[in-house]
Amino acid sequence: MKVVYLIAGNLPLVTASEAATMEYVRLRYLSGSDEFHPFPKVPRVLAWDGSFGGPVAWPYILCEHMPGVTLDSRWLSIEGNTLKESIHAVVMFETNILQEAFSQHGSLFFAESVSQELRGHPLYAEPPIDPLRIDLARRFRIGPTVYREWWRGPYGQVPANRGPWGDFPTMISSAAEFQLQCLENGIDHTSPFVESTAVDIPFICRMLKACIAIAPLIAPTNLFMRRPVLNHADLSLGNFIVRPEVYPCIWDVFASGFIETTSDGSPALPAGFDSMSSDQQDRVRTHMELVRRFKEYYLDAATTWPERHEAWRLPTGLRMASLLKYILRCKADGPIELRTLLVEIQEAWHLISDQPCPIDFSEEESEQETYRVQQQEWYSREVDDNDLLTALGCGGDGWVSDEKFEEASQNLDKFRRLWEENEATLKRPFPFFDGAPGLYLS
């Protein structure tokens, strides 16, 4: 049984959408057809309830049991041909789900879970002709987004257009208008968990208005790239279950941010490697191996599906994928990430549109030393925090398994002491403490 936590945002909607998405993927891709590359097994949803009034008194999803271990306990042991097959398996997994076009941007629901108005909209962009998709088009619909950044804490009480949206520009402008409304309503102005200060608010409002202005102009001209498609929101090692005695066929696409790469994308040893301790060198080698595997994934994906490679090569293409997140968290996380992306878009505008650029950063603003120093400090802090999380063996939410909790707690105390001994060099307090800013607190 899966019980949805409060940090998920709108619990009834999240539960309804997750149950529907699991069933849709199971029925669509595990129907026995030879059309698809071997697909990860999706557990059958046996029962679910998104309300607080049922027998459990809390939203839940009851699924088919999946025995095994999490993939993160097996990933680094995969080598040779098995590694290549595993990487190709996830490329095909993504290729399959990304090629099917839906009618709107939003989240997937059972048809009976959405309003009568939304039931009147088709599921797919084009009418299906095969029996399976005809049946799915009857049973499922696109509804409002369940992305937690639209629903977290007091943000969920602010009226907004949360979808479904007919196109990418409407989704981006709706997000920026939503954030402007939240700022006007004073959401998070006094929260101790946000990075922005009162001084940042006027500049954040200015950036959000720039996002509304550029939204109609930044969508790719290639209509294939603008289609609403199914996407895995959290393709991570800990979210896949595999049998202990076999190699898995799923790959987590990530790489460490502090490993330098050569011009061809290969990992390079960092400066001072020889002077590091043996433990530090082992960790660097591990991250270098993850970078190498990411390169293999990237090359496989580009070869398997050239249209995806073309999307990656768009001006600021990979960074542009984070625009929605940066808009929705520009108050909570501070203006640095959104500002950095908007500066990049402004600099590459001649490659994006032949219309005048609505972003009006002056040369002094985009190059000012204070901003560059803030950006570097932010990046260094992110690297340090991610390094600590990796050493502790937990994700961004701080979760570790019960059997590893005691070890993680001891390591946390050890790292805190080491940090405090070097605080003058690190120039900030130890980042993990009760009441510290965090993704799920803001």
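Let me begin by describing the structure that accompanies this report. This one's a predicted model, so the numbers in the text were calculated from it and none came from an experiment.

Section: the side chain of S196
Next up, step 1: Take S196: it is sitting in the loop between α5 (168-184) and α6 (201-218).
Next up, step 2: Here the side chain of S196 touches C330 through a polar contact of 3.2 Å, landing on its backbone oxygen.
Next up, step 3: Polar side-chain contacts of S196 include one of 2.8 Å to the backbone oxygen of K331.
Next up, step 4: Sequence-distant contacts of S196, that is, excluding residues within four places in its chain, are made with I204, C330, K331, A332, G334 and P335.

Some details on helix α11 (residues 336-347)
Next up, step 1: Compared with the 16 Å implied by 1.5 Å per residue over twelve residues, the 16 Å span of α11 between its first and last C-alpha is a close match.
Next up, step 2: For α11, a buried count of nine out of twelve residues is recorded, marking the element as mostly surrounded by other parts of the structure.
Next up, step 3: The complete set of buried residues in α11 reads I336, E337, L338, R339, T340, L341, L342, V343 and I345.

Re the pattern of salt bridges
Next up, step 1: One pass over the full model with this rule turns up 17 salt bridges.
Next up, step 2: A salt bridge links R329 to E149, with the nearest nitrogen and oxygen atoms 2.9 Å apart. Residue R329 is located in the loop between α10 (323-328) and α11, and its partner E149 is located in the loop between β6 (140-143) and α5; the two are separated by 180 residues in the primary sequence.
Next up, step 3: Beyond isolated ion pairs, a larger network of salt bridges with shared partners links R148, E149, R152, R329 and D333.

Side note on the packing of α6 against α11
Next up, step 1: Look at α6 against α11: their axes get within 11 Å of each other, and the N-to-C directions meet at 45°. Taken together, the axes of α6 and α11 are oblique relative to one another. Crossing of α6 over α11 shows left-handed handedness. Side by side, α6 and α11 meet where F203, M207, L208, C211 and I214 of the first sit next to L338, R339, L342 and I345 of the second.
Next up, step 2: Tallied by class, residues from the contact of α6 with α11 come to eight nonpolar, no polar and one charged.

Observations concerning the sheet that holds strand β1 (residues 2-3)
Next up, step 1: Strand order in the open sheet formed by three strands is β1-β3-β2, and the pairing between neighbours is antiparallel. Of all strands in the sheet, those bounded by a partner on one side alone are β1 and β2 (45-49).
Next up, step 2: Pairing of β1 with strand β3 (residues 60-63), which is carried by two bridges, proceeds in the antiparallel orientation. Looking across to β3, one finds that K2 is bridged to I61.
Next up, step 3: Packed on one face of the sheet, helix α1 (residues 11-29) meets β1, β2 and β3 and runs near 165° to β2.

With respect to the pairing of β6
Next up, step 1: Residues F140 and I142 point to one face of β6 and R141 and G143 to the other, with burial holding for every one of them.
Next up, step 2: As paired strands, strand β5 (residues 107-110) and β6 are joined by four bridges and run antiparallel to one another. Looking at the pairing, S107 lines up with G143 of β6.

Focus: helix α4 (residues 131-139)
Next up, step 1: What α4 keeps buried is the set R133, L136 and A137. Buried residues of α4, viewed axially, fall in a sector of 105°; they line one side. In α4, the exposed positions that point more than 90 degrees away from the buried face belong to P131 and R138.
Next up, step 2: Of the surrounding elements, those touching the buried residues of α4 are α1 and β6.

Thoughts on the packing of aromatic side chains
Next up, step 1: Following the criterion strictly, the structure yields 15 aromatic pairs and no others.
Next up, step 2: Ring geometry for W48 and F110: centres 6.0 Å apart, planes at 20°, overall stacked. Placement of the pair is W48 in strand β2 and F110 in strand β5, with a sequence separation of 62 residues.
Next up, step 3: On the basis of relative accessible area, W48 is assigned to the partly exposed category, the value being 30%.
Next up, step 4: Take F110: its relative accessible area is 9%, and that puts it in the buried class.
Next up, step 5: Between F52 and W58, the ring centres sit 5.1 Å apart and the planes meet at 85°, which makes this aromatic pair edge-to-face.
Next up, step 6: What makes F52 partly exposed here is its relative accessible area of 43%.
Next up, step 7: Among the aromatic side chains, those forming a connected cluster through ring pairs are Y24, W48, F102, F110, Y124 and F140.
Next up, step 8: Of note, R28 hangs over the ring of Y29, and the distance from its end group to the ring centre comes to 5.4 Å.

What counts as what
- Residues numbered from 1 in each chain as written.
- Predicted model: local features only at pLDDT ≥ 70, side-chain atom pairs only at ≥ 80, totals over all residues.
- Heavy atoms only, no water.
- Helix = DSSP H or I, 4+ residues; strand = E, 2+ residues; numbered from the N terminus.
- Polar contact = N/O pair within 3.5 Å; in protein donor to acceptor, adjacent residues only side chain to side chain.
- Contact = heavy atoms within 4.5 Å.
- Expected span 1.5 Å × (residues − 1).
- Buried < 20%, exposed > 50% of the residue type's maximum accessible area, 1.4 Å probe, protein only.
- Salt bridge = Lys/Arg side-chain N within 4 Å of Asp/Glu carboxyl O.
- Axes fitted to C-alpha atoms, helices over the stretch in contact; angles between N-to-C directions.
- Parallel < 35°, antiparallel > 145°, perpendicular 65-115°, else oblique.
- Left-handed = near helix turned anticlockwise from the far one by under 90°.
- Nonpolar A, V, L, I, M, F, W, Y, C, P; charged D, E, K, R; others polar.
- Pairing = 2+ DSSP bridges.
- Arc of directions from axis to C-beta.
- Phe/Tyr/Trp six-rings, centres within 6.5 Å; stacked < 30°, edge-to-face > 60°.
- Lys NZ or Arg CZ within 6 Å of the ring centre and 35° of its normal.

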